Amino acid sequence: MQGQDGERDRHGARNGGDRSPGAPDGTPAEASAETSAEAPAGTAAGVPPGIPPGTPDPEPRRGRPRSAAAERAILDAVIALLEAGEPLAGLSIERIARTAGVGKATIYRRWSDKEELFVDVVRDMEPDDPPVSGTEGLADLRVMLESLRTRGLAQRSSALLHNIFAQMKSHPKLWNEYHGTVIAPRRLAMVEAVRRAVAAGELRDDLDVELIDDLFVGPMLVRTVHRPDAPLPDDLADRIIMALLQGLAPAARV
């Protein structure tokens, strides 16, 4: 993902990377194939060779593999529409499906509603969450604080991503979906890292872990969200951790 130019080379989906020459309008071949596979049983696309039209399937089909190309086409379609100036509220599943070159059923097999889809679009545009050990305390906290910093940088460098977040906050259902599926799990992971740090003797054990977590996350959120003009230097996570560990009281005078 790069800044404002809309290129997404990280996913290999723009600039013709995944497009197959045989598909119409640049639609990925897999997406086109999946669209044709949506025809109901009894049609030419849904009946195996040698079975008369109208003959019901002997048993329901199961587990057709989800097409990565179709998913990529759908996510790219939403992003392209947003880049063209379409507001989130104005996007319909029909419009997205038409732009992606897939059927609506292809979208609904993956996302139950627009909110779920839009959340995945935002996650697709944001930097990936880094892996953490799941066994360390302060070390994992540092990784997650650094991830928060890089997401803040991504919002600053992408006018589109910044605009999407602004729109999300004015749509409670969409914001609640993002909060429940993205923000809440991230917060839980940080709280668990605080618990591990306390258990390992890296942090005090006489404070509420939720408060400790807020003390770590708070300064980074202030810098990334509430102070868009504030610098986000590479060592910011380390400086926050060090300030908290050392405390803010002045050193005792001898």
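Residues numbered from 1 in each chain as written. Predicted model: local features only at pLDDT ≥ 70, side-chain atom pairs only at ≥ 80, totals over all residues. Heavy atoms only, no water.

Draft legend 1. Quick peek at the pattern of salt bridges. Applying the stated criterion across every chain, the model contains 19 salt bridges. As a salt-bridge pair, Arg-95 and Glu-86 come within 3.3 Å of each other at their nearest N and O atoms. Judged by its relative accessible area of 28%, Arg-95 falls in the partly exposed class. Salt-bridge contacts for Arg-187 lead to Asp-214; the nearest nitrogen and oxygen are separated by 3.1 Å. On the criterion of sequence distance, the pair formed by Arg-187 in helix α8 (residues 172-199) and Asp-214 in helix α9 (residues 209-226) is long-range, its members being 27 residues apart. Arg-187 sits in the partly exposed class, given a relative accessible area of 33%. Taken together, the shared-partner salt bridges connect Glu-126, Asp-129, Arg-151 and Arg-186 into one network. (Salt bridge = Lys/Arg side-chain N within 4 Å of Asp/Glu carboxyl O. Buried < 20%, exposed > 50% of the residue type's maximum accessible area, 1.4 Å probe, protein only. Helix = DSSP H or I, 4+ residues; strand = E, 2+ residues; numbered from the N terminus.)

Draft legend 2. Inspection of the packing of helix α6 (residues 138-157) against α9 at higher detail. Relative orientation of the contacting elements α6 and α9 amounts to 10°, with a least axis distance of 10 Å. In terms of axis orientation, α6 runs roughly parallel to α9. Here α6 runs over α9; the crossing is right-handed. Within the contact between the two elements, α6 uses Leu-138, Leu-141, Leu-145, Leu-148, Arg-149, Gly-152 and Arg-156 and α9 uses Phe-216, Val-217, Met-220, Leu-221, Arg-223 and Thr-224. (Axes fitted to C-alpha atoms, helices over the stretch in contact; angles between N-to-C directions. Parallel < 35°, antiparallel > 145°, perpendicular 65-115°, else oblique. Left-handed = near helix turned anticlockwise from the far one by under 90°. Contact = heavy atoms within 4.5 Å.)

Draft legend 3. Focus on the nonpolar core. In this structure, Ile-96, Ile-107 and Leu-117 are the most contacted members of the largest nonpolar core, which totals 32 residues. Mapped onto this core, the elements with two or more residues apiece are α2 (68-83), α3 (93-100), α5 (114-125), α7 (159-168) and α8. Leaving out residues up to four positions away in the same chain, Ile-96 has contacts with Ile-74, Ala-77, Val-78, Leu-81, Leu-91, Ile-107, Leu-117 and Phe-118. Ranked by size, the runner-up nonpolar core spans 22 residues in total, among them Leu-148, Ala-193, Phe-216 and Ile-241. (Core = buried A, V, L, I, M, F, W, Y, C linked by side-chain atoms within 4.5 Å.)

Draft legend 4. Summary view of helix α10 (residues 236-246). Along α10, the positions that sit buried rather than exposed are Leu-236, Ala-237, Ile-240 and Ile-241. Across the axial projection of α10, the buried residues extend over an arc of 135°, all falling on one side. Of the surrounding elements, those touching the buried residues of α10 are α6 and α9. Count one or two residues on from α10 and you reach Gly-247, which has phi positive near 85°. (Arc of directions from axis to C-beta.)

Draft legend 5. View of the packing of aromatic side chains. On inspection of all chains with the given rule, the structure shows two aromatic pairs. Here the aromatic cluster, defined as three or more aromatic residues joined through ring pairs, consists of Phe-165, Trp-175 and Tyr-178. (Phe/Tyr/Trp six-rings, centres within 6.5 Å; stacked < 30°, edge-to-face > 60°.)

Draft legend 6. Structural context of α8. For α8, which comprises 28 residues, the first-to-last C-alpha distance of 38 Å matches the rise-based estimate of 40 Å (1.5 Å per residue) to within 8%. At His-179, α8 is deflected by roughly 40°, the largest bend along its length. By the burial criterion, the buried members of α8 are Leu-174, Tyr-178, Val-182, Arg-186, Met-190, Val-191, Ala-193, Val-194, Ala-197 and Val-198. On its buried side, α8 packs onto α5, α6, α7 and α9. (Expected span 1.5 Å × (residues − 1). Bend = angle between axes of the 7 residues up to and from the residue.)

Draft legend 7. How the structure looks around the environment of Ile-164. Tracing the backbone through its elements, the reader meets Ile-164 in helix α7. Here Ile-164 falls in the buried class, since its relative accessible area comes to 1%. As a C-alpha pair, Ile-164 and Phe-118 span 46 residues in sequence and 9.5 Å in three-dimensional space.

Draft legend 8. Seen up close, the packing of α2 against α3. With their axes 8 Å apart at the nearest point, α2 and α3 run at an angle of 110° to one another. What the angle tells us is that α2 and α3 run roughly perpendicular. For α2 against α3, the interelement crossing comes out right-handed. Residues Ala-73, Ile-74, Ala-77, Val-78 and Leu-81 of α2 form the contact with α3, whose own contacting residues are Arg-95, Ile-96, Thr-99 and Ala-100. Here the contact of α2 with α3 is composed, by residue class, of seven nonpolar, one polar and one charged. (Nonpolar A, V, L, I, M, F, W, Y, C, P; charged D, E, K, R; others polar.)

Draft legend 9. Spotlight on a nonpolar patch on the surface. Residues Leu-207, Leu-211, Leu-215 and Leu-244 make up a contiguous nonpolar surface patch of about 290 Å² in total accessible area. With respect to the element layout, Leu-207 can be found in the loop between α8 and α9. (Patch = residues over 30% accessible without salt bridge, like charges linked within 9 Å, V, L, I, M, F, W, Y side chains within 5 Å. Areas by Shrake-Rupley, 256 points an atom, 1.4 Å probe, with all protein chains shown as cover.)

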